[in-house]
Amino acid sequence: MSAGHGAASPVRVLGKTVDEETRCAHYATALDVIAIRFACCGAYYPCHLCHAECADHPAEQWPRAERGRKAILCGVCSTELTISVYLDVDACPACAAAFNPGCKLHRHYYFQS
Ligand SMILES: [Zn+2]
Ligand SMILES: [Zn+2]
Ligand SMILES: [Zn+2]
């Protein structure tokens with residue numbers, strides 16, 4: 001990671017990231033710009049596969065009662081969103097970057113329903 005565009009992210013994203021907007025080896029389309037903090041370790045990863053391949057423990061999902069937690073990072077503007085806000089929007093409320101609608105199919109990897 002080098003200082004490039006915009007403000008440097010204060011949040012470290014683990015896993016197989018391939019650019020500064022948190023795209024990874026698994027998900028690297030224009031819309032794949034978020035990272036998710038995992039309930040098990042509190043670390044941000046770009047996706048569940050990154051966690052599965054890079055963490056040394058099984059992933060845990062956020063319980064419903066924790067939806068007020070900031071656990072989503074917009075890779076474009078580095079704003080952290082709460083889970084409940086993220087589940088309610090199609091784009092970043094801070095910078096308007098569109099989020100991948102396909103991520104909604106993968107919610108169960110990250111959040112208990
Ligand atoms: Zn973990
Ligand atoms: Zn990944
Ligand atoms: Zn943003």
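Overview of the structure.

Conventions adopted
- Residues numbered from 1 in each chain as written.
- Chains lettered and ligands numbered in written order.
- Predicted model: local features only at pLDDT ≥ 70, side-chain atom pairs only at ≥ 80, totals over all residues.
- Heavy atoms only, no water.
- Core = buried A, V, L, I, M, F, W, Y, C linked by side-chain atoms within 4.5 Å.
- Buried < 20%, exposed > 50% of the residue type's maximum accessible area, 1.4 Å probe, protein only.
- Helix = DSSP H or I, 4+ residues; strand = E, 2+ residues; numbered from the N terminus.
- Contact = heavy atoms within 4.5 Å.
- Pairing = 2+ DSSP bridges.

1. Examining the nonpolar core
One recurring pattern in soluble globular proteins is that nonpolar side chains are buried together.
And step 1. Membership of the largest hydrophobic core comes to 24 residues, with the highest contact counts inside it found for Ile72, Tyr86, Phe99 and Phe111.
And step 2. Mapped onto this core, the elements with two or more residues apiece are strand S1 (34–37), strand S3 (70–74) and helix H2 (83–88).
And step 3. Leave out the neighbours within four places in its chain, and tyrosine 86 touches Ile34, Ile72, Phe99, Cys103 and Phe111.
And step 4. With five residues, the next largest nonpolar core counts Val11, Ala35, Tyr44 and Leu73 among its residues.

2. Description of the sheet that holds S1
And step 1. The sheet built from four strands is open, its strands ordered S2-S1-S3-S4 with antiparallel pairing. Where the open sheet ends on each side, the last strands, each with one partner, are strand S2 (44–45) and strand S4 (80–82).
And step 2. In terms of strand pairing, S1 meets S2 through two bridges, oriented antiparallel. Paired with isoleucine 36 across the bridge in S2 is tyrosine 45.

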